[in-house]
Each structure stands twice: as structure tokens, then as C-alpha cells.
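Structural features, examined
Residues per chain, in single letters:
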Amino acid sequence: MTINTKMPDAATASETLEYLKKTLQNIVPDSELVVKAEIAYEINRLKKEKNAVILGHNYMEPALFYSIPDHVGDSLGLARIAAETDADRIVFCGVRFMAETAKILNPDRMVLLPARVAGCSLASSITAQDVRDLKARYPGIPVVTYINTYADVKAETDVCCTSSNAADIVRKLDSDSVICLPDEFLAKNIARETGKNVIFPGSDRTGKDDMVIWDGRCEVHDKFTVEDILNARQQFPDTVVVAHPECSPEVVEAADYSGSTTAMTRFVRESDAERFLILTECAMGDNIAAENPEKEMLRMCSIRCSHMNEITLEDTLTCLRQDIYQIEVPEDIRIRAKRSLDRMLKLS
Ligand code: 13P
Ligand code: SF4
């Protein structure tokens, strides 16, 4: 699920720079890498001194992605690593709900998020009270909640899911109907895959195989359109289109492949095609391009996740130096949220 980045172990400052120059040529200008390599070197020195592990989501900007994480991956892969680490500190280069997940699984370790906020439009689209209201309106139906939610929402949930296991989790539940929250598009994509009838809160159930959904959306993936795909194919007919399942069902249907961020990366790595359109956060297109220099990545860099982009090498260094931006989760919420994460890890 995760790939280990290949920075040489205990690299000196000049080895760090050489490695980044070689890996990111044509992607990040050398002048920028000179500054970033210095910071990355200091972070790597400090993380050993403080027995920290750095987890980096696939959306991290290329210089960070290729220099400081001990592990990179998607939400599921990083949650698994977080559950197993024995480091004193976990520095999560991702967004808040991911760092919170690491804290839920690791209450005795210090979890640091190198940002003041680093939110997510999906996580802020639903509250714990919304989930309680849905459970009252549709009693007895299990609640499957996307990992892109905060701890109090996970605490109201039967089982969590991520983009890489959502359909699998829904199939494995002992119930023909489910409440699937909060991403409207992800839920509709899973409903199509698992043969469920989509209903919005307030509507009556059809009686069987219902999927009650919410109207949360990822502000990034919501922006990709079928027209973007048609335009790319018109210009380059050999383009293979890869889309994250947070894109609309129409976009996912028009794409050649849809999967989690790690699944998309693996798909490009293993494909013989030469040109891809990557419909997700642009930095991941850069990271895939660096790994596959012989292939061309078309990416729409006007569409960015401002939350993921809050994480910088500079703030990661400050955070690790000062142990600031620690994540805390109230214990009663943590225990209940952990149950739904544990169920997911067991089922997937
Ligand atoms: P993945 O679990 O596929 O990495 O997705 C996380 C995310 O936030 C995508 O926008
Ligand atoms: Fe949230 Fe979308 Fe950003 Fe992912 S890309 S963190 S779902 S806002």
C-alpha cells in the first residue's frame, strides 16, 4: 500500500541536494531545491535525534514528498503504518483528519501536524449531530463513514472506509442497506459498484439495498469535468485518464481507471501507456511524473487542495523542533472512533 521513498539513509546535506536534483529534474527548479534540500537535511537529522517517524500523503509537494517521509501513501496505507509504529513521535504531513486518525490509533504517542488548520471540505461537511439524526431517521442501518471526517463523527459510526476499500467494506457488512457518509460522489460511485439505490436524507427508503448518502463534496475533485477528459482526448487521443473516486460519477465513468491515490500511482507505474491525464491534486501528478520520467503526465494545476498545500518543509521543521501543533482527541471520543477504525482495518 505504501512505497518507501528512496532517499539514501543518513544522507548529508549535499547528498540530499544531489538526490532531489536527480529525482526532480524538469519538475522543480534547482534554485528552489538548494533551499529545500537544506531544510530537508535538518528535518532528517532531527527526526533521528527525536525518534520521530514522518508519514507523507501522496499529495505532498514533490521536494517534501521525495525527501523527508519514512513512508508515503494513501489514507489507508498511512493509517496502517500509524497503527504499527513504535516511534515516539508521528509527524503527519497530510491534513488534520489524517493526523487525528494517527492519534486515535496511537494515544500514547505524540502526533504532530505541521499546520495550524489543514482542514478538508469533506470533513467539515458533516457533524456528529448530523450522524445521530440520520441514525434516528433510519434506525438499524449500519453507518459507513469515509476516513475524511473528524473524530467525533467517526465516534458515531459503525465502520470507517477509505477510497481504496469502500466498496469492499460495504459488501462485507451484514446488511443490504447502509448509510454512507459524507462524500456524495464517492457514495454514488460505490452505490453503482455494489448495486445500491441512492437516497438522500429525508427521502423514504425503497425497502431493500438502499444507500443513504450525504451531500458533502471534495472541493478539489468536484471541479473536474467530463469536458476536461474530452478536451485531453481530442488533443492527445492516446491519453489514459485516471480519476480519484471523489470525482463525480460522470467523470469516473468517462475515465479509464479510478482508485485511491496509491492505486492511481500503481496503475501508472504498471501501465505500458505513455500519456496520462491525472484527475486529482496536481502535486501527485508531479510525484508520479518524477517516478515515471519516460511517461507524460497531463495535470490540471489550477485545481489544488489548499489544505494539503498548507504543509511545507519550513513548517515541518518548526513543528518538529518545537513539538508544536500536537493533535489531541478527547478520550471518550477517541475510544469510540477507534472502534470504527479497527473494524475497517480488520475488514480490509
Ligand atoms: P486517498 O485515501 O485516496 O489517499 O485520498 C485521500 C484524499 O483526501 C483524496 O482527496
Ligand atoms: Fe479533502 Fe479534497 Fe483536499 Fe482530499 S483533496 S484533503 S478530500 S479537500
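Residues numbered from 1 in each chain as written. Chains lettered and ligands numbered in written order. Predicted model: local features only at pLDDT ≥ 70, side-chain atom pairs only at ≥ 80, totals over all residues. Heavy atoms only, no water.

Section: the site of ligand 2
The environment of ligand 2 is formed by Tyr59, Val95, Cys120, Ser121, Leu122, Asn148, Cys218, Val220, Glu246, Cys305, His307 and Met308. The residue inventory of the shell around ligand 2, partitioned by class, reads 8 nonpolar, 3 polar and 1 charged. (Near = heavy atom within 4 Å. Nonpolar A, V, L, I, M, F, W, Y, C, P; charged D, E, K, R; others polar.)

A short note on the pairing of strand E1 (residues 52-57)
Of all 6 residues in E1, 6 are buried; the element is thus mostly enclosed. Neither face of E1 is left uncovered, since the one carrying Ala52, Ile54 and Gly56 and the one carrying Val53, Leu55 and His57 both have all their residues buried. Examined bridge by bridge, E1 and strand E3 (residues 89-93) share 5 bridges and lie parallel to one another. Considered in E3, the bridge of Val53 is made with Ile90. (Buried < 20%, exposed > 50% of the residue type's maximum accessible area, 1.4 Å probe, protein only. Helix = DSSP H or I, 4+ residues; strand = E, 2+ residues; numbered from the N terminus. Pairing = 2+ DSSP bridges.)

Brief notes about the packing of aromatic side chains
Evaluated as defined, the whole model comprises 2 aromatic pairs. Between the aromatic rings of Phe65 and Tyr66, the centroid separation amounts to 4.9 Å while the plane-to-plane angle is 75 degrees, which identifies the pairing as edge-to-face. For the residue pair Phe65 and Tyr66, the accessibility class agrees, reading buried in each case. Judged by centre distance (4.3 Å) and plane angle (10 degrees), the ring pair of Tyr257 and Phe267 falls under stacked. You can see Tyr257 sitting in strand E11 (residues 257-258) and its partner Phe267 sitting in helix H12 (residues 261-270), a full 10 residues away along the chain. Take Tyr257: its relative accessible area is 25%, and that puts it in the partly exposed class. (Phe/Tyr/Trp six-rings, centres within 6.5 Å; stacked < 30°, edge-to-face > 60°.)

Comments concerning the nonpolar core
Counting residues in each nonpolar core, the largest one holds 112 residues, and the members touching the most others are Met211, Leu279 and Met344. Beyond its immediate sequence surroundings of up to four residues, Met211 is in contact with Val170, Val178, Cys180, Ala187, Ile190, Ala191, Thr194, Lys196, Asn197, Val198 and Ile199. Ranked by size, the runner-up nonpolar core spans 12 residues in total, among them Tyr138, Val143, Leu181 and Val212. (Core = buried A, V, L, I, M, F, W, Y, C linked by side-chain atoms within 4.5 Å. Contact = heavy atoms within 4.5 Å.)

Observations concerning the pattern of salt bridges
Applying the stated criterion to the full structure yields 28 salt bridges. Close ionic contact of Arg321 with Glu42 constitutes a salt bridge, the shortest N to O distance being 4.0 Å. Of this pair, Arg321 sits in helix H14 (residues 313-322) while Glu42 sits in helix H2 (residues 30-49), and the two are 279 residues apart along the sequence. Residue class for Glu42 comes out buried when judged on its relative accessible area of 18%. Across the pair Glu281 and Arg304 runs a salt bridge, and its minimum N-O distance is 2.9 Å. (Salt bridge = Lys/Arg side-chain N within 4 Å of Asp/Glu carboxyl O.)

Geometry only, nothing functional implied.
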